[in-house]
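This is what each chain is made of:
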Amino acid sequence: MRILPTAAASVVLVMVQPGLAGAAADPSTTVSFTITSGALSMSVPVSAALGSGAPGTNIGAPIGAVSVTDDRALLSAAWTVTASATDFANGPSTVPASDATYSVGAVTTTGTITATPTNITLSNSPQTVVTGSSGVGDNTATWDPTVSISVPASAVSGSYSGTLTHSVA
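Report on the accompanying structure. All values derive from a computational prediction rather than experimental measurement. (Residues numbered from 1 in each chain as written. Predicted model: local features only at pLDDT ≥ 70, side-chain atom pairs only at ≥ 80, totals over all residues. Heavy atoms only, no water.)

**Comments concerning the overall build of the chain**
Then step 1. On a plain count of helices and strands, the chain comes out with one helix and 11 strands.
Then step 2. Each helix and strand of the chain, placed in order from N terminus to C terminus, yields the pattern α-β-β-β-β-β-β-β-β-β-β-β.
Then step 3. Taking all 169 residues of the chain together, 22% fall into the buried category.
Then step 4. In the chain, once contacts between residues fewer than 6 apart in sequence are set aside, the share between residues at least 24 apart is 74%.
Then step 5. Total accessible area on the chain stands at roughly 10500 Å², and carbon and sulfur atoms take up 58% of it. (Helix = DSSP H or I, 4+ residues; strand = E, 2+ residues; numbered from the N terminus. Buried < 20%, exposed > 50% of the residue type's maximum accessible area, 1.4 Å probe, protein only. Contact = heavy atoms within 4.5 Å. Areas by Shrake-Rupley, 256 points an atom, 1.4 Å probe, with all protein chains shown as cover.)

**Section: the layout of surface pockets**
Then step 1. Quantified by volume, the largest pocket comes out at close to 790 Å³.
Then step 2. Lining of the largest pocket is provided by 32 residues; of these, Leu50, Phe88, Ile149, Tyr160 and Ser161 occupy positions nearest its centre.
Then step 3. Elements that contribute at least two residues to the lining of the largest pocket include exactly strand E10 (146-150) and strand E11 (164-168).
Then step 4. For the lining of the largest pocket, the per-class residue count stands at 21 nonpolar, 11 polar and no charged. (1 Å grid on protein atoms, 1.4 Å probe; cavity = no way out; pocket = protein on both sides within 12 Å on 5 of 7 lines; lining within 4 Å. Points joined across faces, edges and corners; volume = space filled by probe spheres on them. Nonpolar A, V, L, I, M, F, W, Y, C, P; charged D, E, K, R; others polar.)

**Describing the sheet that holds E10**
Then step 1. With antiparallel pairing, the four strands of this open sheet are ordered in space as E2-E10-E6-E8. The open sheet has two edge strands with one neighbour each: strand E2 (58-62) and strand E8 (120-121).
Then step 2. In this structure, E2 lies alongside E10, joined through five bridges in antiparallel fashion. When the bridges of E10 are listed, Gly60 appears paired with Ser148. (Pairing = 2+ DSSP bridges.)

**Brief notes about the pattern of salt bridges**
Then step 1. Counting across every chain of the model gives one salt bridge.
Then step 2. Notably, a salt bridge pairs Arg72 with Asp70, separated by 2.8 Å at the nearest N-O pair.
Then step 3. According to the relative accessible area criterion, Arg72 is partly exposed, its value standing at 21%.
Then step 4. Overall, Asp70 belongs to the buried group, its relative accessible area being 1%. (Salt bridge = Lys/Arg side-chain N within 4 Å of Asp/Glu carboxyl O.)

**As for unusual backbone geometry**
Then step 1. The phi dihedral of Ala73 falls on the positive side, at around 55°, and the residue is not glycine.
Then step 2. Its location among the elements puts Ala73 in strand E3 (residues 66-85).
Then step 3. Overall, Ala73 belongs to the partly exposed group, its relative accessible area being 34%.
Then step 4. The phi dihedral of Ser134 falls on the positive side, at around 55°, and the residue is not glycine.
Then step 5. Turning to its location among the elements, Ser134 is positioned in strand E9 (residues 127-143).

**With respect to the nonpolar core**
Then step 1. In this structure, Tyr102, Leu122, Val129, Trp143 and Ile149 are the most contacted members of the largest nonpolar core, which totals 26 residues.
Then step 2. Elements that contribute at least two residues to this core include exactly E2, E3, strand E6 (100-103), E9 and E10.
Then step 3. In terms of residue count, E3 provides more of this core than any other element does, six residues in total.
Then step 4. When near neighbours in sequence (up to four residues on either side) are disregarded, Trp143 contacts Met42, Gly64, Ala65, Val66, Val68, Val81, Tyr102, Val104, Ala106, Val107 and Val130. (Core = buried A, V, L, I, M, F, W, Y, C linked by side-chain atoms within 4.5 Å.)

**So, the side chain of Ser67**
Then step 1. Take Ser67: it is sitting in strand E3.
Then step 2. Judged by its relative accessible area of 15%, Ser67 is buried.
Then step 3. A distance of 3.0 Å separates polar atoms of two side chains, one belonging to Ser67 and the other to Thr142.
Then step 4. Ignoring sequence-local partners within four residues, the contact set of Ser67 consists of Ser41, Met42, Ser43, Ala141 and Thr142. (Polar contact = N/O pair within 3.5 Å; in protein donor to acceptor, adjacent residues only side chain to side chain.)

Remember that the coordinates give geometry; whether it matters functionally is a separate question.
Right under this line is the structure:
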């Protein structure tokens, strides 16, 4: 019976030992911070060569990576990418932009964003090619579009060039 009185004495000592007060008397610290935001930006290849072909054929190739970076840190992020082209010229000879197509291909994303591609026939006016929706925080989307030219049967031989313009908003 000696064990029971010793155990009871130990419990009493713990209960009255100084420094074991409840959490209500503990001091607290308010911690705060700021999350900064960045910009919505885009990168595209500087140039692209599609190859060569005879009149009446199709010429096309992937042009290189196109990327959207959304560093705005928004609760509800969305953006739209458009593409347009000038007519393709070789001196006075031209191939209209409308003889070209833009195929988005696979879109790879990071962060939280739903990227929806739309293949288009190019024109001199901007058209939607990728829409980002349901985004949260920072996100990116990258794709490698294929541009194809349907060379008119009446095209004159030579080296043609035009400008493909991407925009994000």
